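Residue strings, one per chain:
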Amino acid sequence: MIVKNGTVFQEDQTFSRRDLYIENGKIVDSSTSITDTTVIDAQGLYVLPGLVDIHSHGAVGHDFSDGNLDGLKEILAYEYAHGVTSYCPTSMTIEKELLQKLFRSMGDWEDQPGLSHVAGINMEGPFLDVSRKGAHRPECILPPDVDFFRECNASCGKRIRLVTLAPNVEGAMDFIRALSGDVTISLGHSAADYDTARKAIQAGADHVTHLYNAMNPLGHRAPGIIGAASESDTCVAELICDGIHVHESMVRVAFKLFPGRIALISDSMRATGMENGTYDLGGQQVTVNGRLATLADGTIAGSATNVYDCMKMAVSFGIPLEEAITAATMTPAKSIGIYDEVGSLTPGKRADVILVDKDLNLVKVVGAGAA
């Protein structure tokens with residue numbers, strides 16, 4: 001397959017007018033002999049890597065924590081149709097035995113045409129700080145448990161790529177030291193102060209779960225997780241850019257605090273792609289009105305958006321297009337160790353490609369996951 005005449009987003013974060021070659025589901029060099037001679041004319045379009053969402057709970061009426069693989073397939077079909085070609089289904093804080101069952105259900109998972117590639121699993125709970133629980137159920141929160149994590153990871157074929165940890169709870173530092181070589185450890189859902197967060201980063205944590213949300217604010221005398229993570233050149237910060245979770249001014253601040261280290265995420269829940277109404281999130285009722293999703297007490301819950309729309313919104317907030325694309329492709333892929341497979345249109349990688357017009361409307365998804 002040849003995608004001709006497009007404006008291709010490059011690995012150096014620039015655009016180049018060139019053709020893109022695809023063979024057997026991989027990006028290939030122009031010198032490669034192509035057996036599939038299908039030509040797609042991308043005249044007037046941007047040619048971008050498929051987007052990568054490393055933190056999403058669900059969509060179109062389904063949640064990963066339901067443990068229903070047919071439901072997961074519907075989520076993945078929705079994501080693929082919205083330009084998200086690599087996806088990390090994300091667990092909530094639910095009963096321990098249900099978590100174990102959920103991870104076991106993914107042990108034999110195989111990708112299918114027309115669905116987003118499952119690039120790994122995000123284990124957001126249960127190793128959280130009850131005081132910053134957000135939309136997670138407090139009765140299901142557990143202290144950090146290395147053995148339990150290893151059991152869950154083994155049961156799903158070592159697919160867990162990311163785990164959230166509150167660094168201020170007992171046992172957190174031992175957890176980080178034991179597992180930072182096996183999984184990306186993300187600081188979040190925590191009232192940790194600057195010194196504690198800095199120690200956690202020095203121990204091996206290098207990620208932040210939904211920056212600003214479910215953590216202490218950035219204060220000039222108490223910089224907390226945000227301040228500590230911003231000083232680490234290796235620490236990537238997730239950002240929900242839905243216009244609800246974070247004010248547009250603080251979106252711009254985030255891109256300045258974490259240059260080249262922002263990963264746009266959706267943190268989407270089952271109401272995404274659905275009508276307004278009441279839905280379940282990890283065993284709690286959530287009311288959705290437009291893009292706003294709240295628990296009964298007014299706590300903002302997961303979003304009702306997708307990463308493609310978050311990327312567009314970031315651009316509308318004044319983030320340069322190249323930075324917004326990078327934050328939705330390269331950076332999240334790098335943050336969980338899959339950049340050798342996805343995140344850029346480099347020969348040898350999966351041919352996950354999206355065509356976008358100059359107004360950032362999604363025109364077509366082509367490549368490795370196409371039916």
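Scroll up for the structure.
Please read these numbers as outputs of a predicted model, since none were measured by experiment.

Focus on the packing of helix α8 (residues 307-316) against helix α9 (residues 321-328)
Part 1 of the reasoning: In contact at an axis separation of 9 Å, α8 and α9 are set at 155° when each is read in the N-to-C sense. Taken together, α8 and α9 sit at an angle that is classed as roughly antiparallel. As α8 runs across α9, the sense of the crossing is right-handed. On α9, the residues touching V307, M311, A314 and V315 of α8 are L321, A324, I325 and A328.
Part 2 of the reasoning: Residue classes in the contact of α8 with α9 are distributed as eight nonpolar, no polar and no charged.

Description of the sheet that holds strand β17 (residues 277-281)
Part 1 of the reasoning: Pairing is antiparallel across the open sheet formed by three strands, whose spatial order is β17-β18-β19. In this open sheet, the two strands that pair with only one neighbour each are β17 and β19 (292-294). Shown here is a sheet whose adjacent strand axes are inclined to one another by a mean of 30°, direction ignored.
Part 2 of the reasoning: By the bridge criterion, three bridges tie strand β18 (residues 284-289) to β19 in an arrangement that is antiparallel. Bridging from a neighbouring strand, N289 pairs with L292 of β19.

Describing the packing of aromatic side chains
Part 1 of the reasoning: Applying the stated rule across the entire model yields five aromatic pairs.
Part 2 of the reasoning: Centroid distance F15 to Y46: 4.9 Å. Interplanar angle 35°. Geometry classified as tilted. Of this pair, F15 sits in strand β2 (residues 15-23) while Y46 sits in strand β5 (residues 46-49); the two residues are 31 residues apart in sequence, bridging distant segments of the chain.
Part 3 of the reasoning: Consider the rings of F127 and F148, whose centres lie 6.4 Å apart with planes at 85°: the pair is edge-to-face.

Thoughts on the pattern of salt bridges
Part 1 of the reasoning: What the rule picks out here adds up to eight salt bridges.
Part 2 of the reasoning: E11 is the salt-bridge partner of K349, the closest N and O atoms lying 3.9 Å from each other. With K349 in the loop between α10 (330-335) and β20 (352-356) and E11 in the loop between β1 (2-9) and β2, this residue pair connects regions lying 338 residues apart in the sequence.
Part 3 of the reasoning: Looking at K349, the relative accessible area reads 5%, which means it is buried.
Part 4 of the reasoning: Since its relative accessible area comes to 40%, E11 is described here as partly exposed.
Part 5 of the reasoning: As a salt-bridge pair, D66 and R270 come within 2.8 Å of each other at their nearest N and O atoms. Of this pair, D66 sits in the loop between β8 (62-63) and α1 (69-81) while R270 sits in the loop between β16 (262-265) and β17; the two residues are 204 residues apart in sequence, bridging distant segments of the chain.
Part 6 of the reasoning: On the basis of relative accessibility, which here comes to 10%, the residue R270 falls in the buried class.
Part 7 of the reasoning: Overlapping salt bridges, with partners in common, bring together E95, R137 and E139 in one network.

What counts and how
Residues numbered from 1 in each chain as written. Predicted model: local features only at pLDDT ≥ 70, side-chain atom pairs only at ≥ 80, totals over all residues. Heavy atoms only, no water. Axes fitted to C-alpha atoms, helices over the stretch in contact; angles between N-to-C directions. Helix = DSSP H or I, 4+ residues; strand = E, 2+ residues; numbered from the N terminus. Parallel < 35°, antiparallel > 145°, perpendicular 65-115°, else oblique. Left-handed = near helix turned anticlockwise from the far one by under 90°. Contact = heavy atoms within 4.5 Å. Nonpolar A, V, L, I, M, F, W, Y, C, P; charged D, E, K, R; others polar. Pairing = 2+ DSSP bridges. Phe/Tyr/Trp six-rings, centres within 6.5 Å; stacked < 30°, edge-to-face > 60°. Salt bridge = Lys/Arg side-chain N within 4 Å of Asp/Glu carboxyl O. Buried < 20%, exposed > 50% of the residue type's maximum accessible area, 1.4 Å probe, protein only.

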